[in-house]
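So the chains spell out like this:
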Amino acid sequence: MAHRDGVAAVERAIDLLEAFERAGPNLTLAELARHTGLVKSTVLRLAASLVRRGLLCREAGGSFRLGPALVRLGVRYQDAFELGDHVRPALEALSEATGESASFYVREGDRRVCLYRVHALRHHLLHFVQVGTQFPYATGASGRVIRAFTDADAPDPDGVRESLVAASTSDRTISDTAAVAAAVLGAGGAFAGAVSLAGPATRFGVDALPPLRLAVLQAAMQVAIALGGPAATYRCALDDAERRASAVAATGAEGGEPRSAGRHAAGGTEEPSQTD
């Protein structure tokens, strides 16, 4: 049903196009009718208009697929797209929620570059990191994420490619600091960068890491969805992160002592790393 301020025919045509996202690349007339709830005669009239404008194509066998005009429109969308419009709000919310410095890193050759940065208000340990600061690409928590998703042959003993998250809590260039980072995947699962959270190691202990991993992953998912990334992949990773956080919270509720960051704080062996 069309919204009161919309045009019914236009919204029904959009319903037809969106059916391909849910149901597959090629749909018959009957399938389009079933997925949109429209009668076949209405589907046929709308589809004919969409075919004439290049938004749909009709195969020889009678089924429909998305048309080339959508590619042209997608390119125009990309041309107008500003990554920072989506990254900055996510970093600001992440920093405000955790009190730590939040960054977004991308890989440039053998370096990783801080593309966006929100400084923490609670401390100044990592304030030397500014937009444009560069580090060896594989160092730190964000470096581990970047290496996992940009080096296809790189080992992944801690399952970063599955969990989407990495932590760095020991052997760091800046003493008494730690970091957690999560991958941002765009359309088609393409790696776009890493959201990172960094701060004093005392606030990144074993008990604190699971909720911080969850917060960083949620921020990364926010950006990824805006980029057309794989929502299902993030939902699976979030489910796992939530289970970890719940398990740690339950252990703490039973009287466990807070634990400081260590070599196995993130659930895997840490390697020498630095910065975020």
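Q: Explain helix H3 (residues 40-52) here, please?
A: Helical periodicity: at 3.6 residues per turn, an α-helix aligns residues three or four positions apart in one direction. Helix length check: H3 (13 residues) gives 18 Å between terminal C-alpha atoms against 18 Å at 1.5 Å per residue, within 8%. Taken together, the buried positions of H3 are occupied by Thr42, Val43, Leu46, Ala47 and Leu50. Viewed end-on, H3 has its buried residues packed into an arc of 125 degrees, placing them on one side of the element. Turned more than 90 degrees off the buried face of H3, the exposed positions are Arg45 and Arg52. Against the buried residues of H3 lie helix H1 (8-23), helix H2 (29-36), strand S1 (56-58) and strand S2 (64-66).

Q: What am I meant to see in the confidence of the model for the chain here?
A: Residues shown with low pLDDT carry predicted positions that ought not to be read at fine detail. Averaged over the chain, the pLDDT score is 83; the fraction of residues at 70 or greater is 83%. Mean pLDDT values over the elements of the chain span from 77, in helix H4 (residues 69-80), up to 96, in H3. Across residues 253-274 the pLDDT falls below 50, and counting only partners more than four positions away or on other chains, this stretch makes 52 contacts in the model.

Q: Looking at this model, I keep getting lost on the packing of aromatic side chains. Mind explaining?
A: What describes a pair of aromatic rings is the distance from one ring centre to the other and the angle between the planes of the rings. Taken as a whole and judged by the stated rule, the model has three aromatic pairs. Consider the rings of Phe104 and Tyr116, whose centres lie 6.2 Å apart with planes at 45 degrees: the pair is tilted. Linking Phe104 in strand S3 (residues 101-108) with Tyr116 in strand S4 (residues 111-118), this pair joins segments that are 12 residues apart in sequence. Look at Phe104 and you get buried, because its relative accessible area is 0%. Note on Tyr116: relative accessible area 9%, which makes it buried.

Q: Help me out: how do you make sense of the pairing of strand S6 (residues 165-168) in this one?
A: Remark: a regular strand shows side chains that alternate across the two faces of the sheet. Of the two faces of S6, the one carrying Val165 and Ala167 and the one carrying Ala166 and Ser168 are both buried. Relative to strand S7 (residues 177-185), S6 runs antiparallel, the two being bridged by four bridges. When the bridges of S7 are listed, Val165 appears paired with Ala182.

Q: Is there a simple way to think about the sheet that holds S6 in this case?
A: Strand pairing within a sheet occurs via backbone hydrogen bonds; the two strands may be parallel or antiparallel. Spatially, S5-S4-S3-S8-S7-S6 is the arrangement adopted by the six strands of the open sheet, whose pairing is antiparallel. Looking along the sheet, the strands with just one partner apiece sit at the ends: strand S5 (134-136) and S6. Between one strand and the next, the sheet's axes are offset by a mean angle of 30 degrees, whatever the strand orientation. Taken together, the seven bridges between S3 and S4 define a ladder with antiparallel strand orientation. Within S4, the position partnered with Ser103 by the bridge is Arg117. Taken strand by strand, helix H5 (residues 84-98) contacts S3, S4 and strand S8 (191-200), and its axis lies near 70 degrees from that of S4.

Q: Quick question: what am I supposed to make of unusual backbone geometry here?
A: In terms of backbone geometry, most residues other than glycine have negative phi values and most peptide bonds are trans. Look at Leu164: it is not a glycine, yet its phi comes out positive at around 70 degrees. Mapped onto the elements, Leu164 comes out in the loop between helix H7 (160-163) and S6.

Q: Where do I start with the pattern of salt bridges in this structure?
A: If the charged atoms of two oppositely charged side chains come close together, the side chains can form a pair. Inspection of the entire model under this criterion finds six salt bridges. Between Arg144 and Asp158 there is a salt bridge, with its nearest N and O atoms 2.4 Å apart. Of this pair, Arg144 sits in helix H6 (residues 140-150) while Asp158 is found in the loop between H6 and H7, placing the two residues 14 residues apart along the sequence.

Q: How should I be thinking about the pairing of S7 in this particular structure?
A: In terms of burial, S7 is largely enclosed, as nine of its nine residues are buried. With burial as the criterion, each face of S7 is covered, one bearing Thr177, Ala179, Ala181, Ala183 and Leu185 and the other bearing Ala178, Val180, Ala182 and Val184. Here S7 runs beside S8; their pairing, made up of nine bridges, is antiparallel. Pairing of Ala179 across the sheet is with Ala198, part of S8. Taken together, S7 and the strand that follows it, S8, pair antiparallel across an intervening segment of five residues, in which Gly188 is found at a positive phi of about 70 degrees.

Q: Mind showing me how you'd approach the packing of H1 against H2 here?
A: A pair of packed helices can be characterised by two numbers: the angle between their axes and the separation between those axes. The geometry of H1 relative to H2 is characterised by a closest axis approach of 9 Å and an angle of 95 degrees between their N-to-C directions. Put simply, H1 runs roughly perpendicular to H2. Within the contact between the two elements, H1 uses Asp15, Leu16, Ala19, Phe20, Arg22 and Ala23 and H2 uses Leu32, His35 and Thr36. Taken together, the residues of the contact of H1 with H2 break down into five nonpolar, two polar and two charged.

Q: I would appreciate a short explanation of the packing of H1 against H3 in the present structure.
A: Closest axis-to-axis distance for the H1/H3 pair is 10 Å, and the angle between their directions is 80 degrees. Here H1 is positioned roughly perpendicular relative to H3, judged by the angle of their axes. Contact with H1, carried on its side by Ala9, Arg12, Ala13, Leu16 and Leu17, involves Val43, Leu46, Ala47 and Leu50 of H3 and no other residues of that element. Within the contact of H1 with H3, the residues separate by chemical class into eight nonpolar, no polar and one charged.

Thresholds, definitions, all that
Residues numbered from 1 in each chain as written. Predicted model: local features only at pLDDT ≥ 70, side-chain atom pairs only at ≥ 80, totals over all residues. Heavy atoms only, no water. Helix = DSSP H or I, 4+ residues; strand = E, 2+ residues; numbered from the N terminus. Expected span 1.5 Å × (residues − 1). Buried < 20%, exposed > 50% of the residue type's maximum accessible area, 1.4 Å probe, protein only. Arc of directions from axis to C-beta. Contact = heavy atoms within 4.5 Å. pLDDT = per-residue confidence, 0-100. Phe/Tyr/Trp six-rings, centres within 6.5 Å; stacked < 30°, edge-to-face > 60°. Pairing = 2+ DSSP bridges. Axes fitted to C-alpha atoms, helices over the stretch in contact; angles between N-to-C directions. Salt bridge = Lys/Arg side-chain N within 4 Å of Asp/Glu carboxyl O. Parallel < 35°, antiparallel > 145°, perpendicular 65-115°, else oblique. Nonpolar A, V, L, I, M, F, W, Y, C, P; charged D, E, K, R; others polar.

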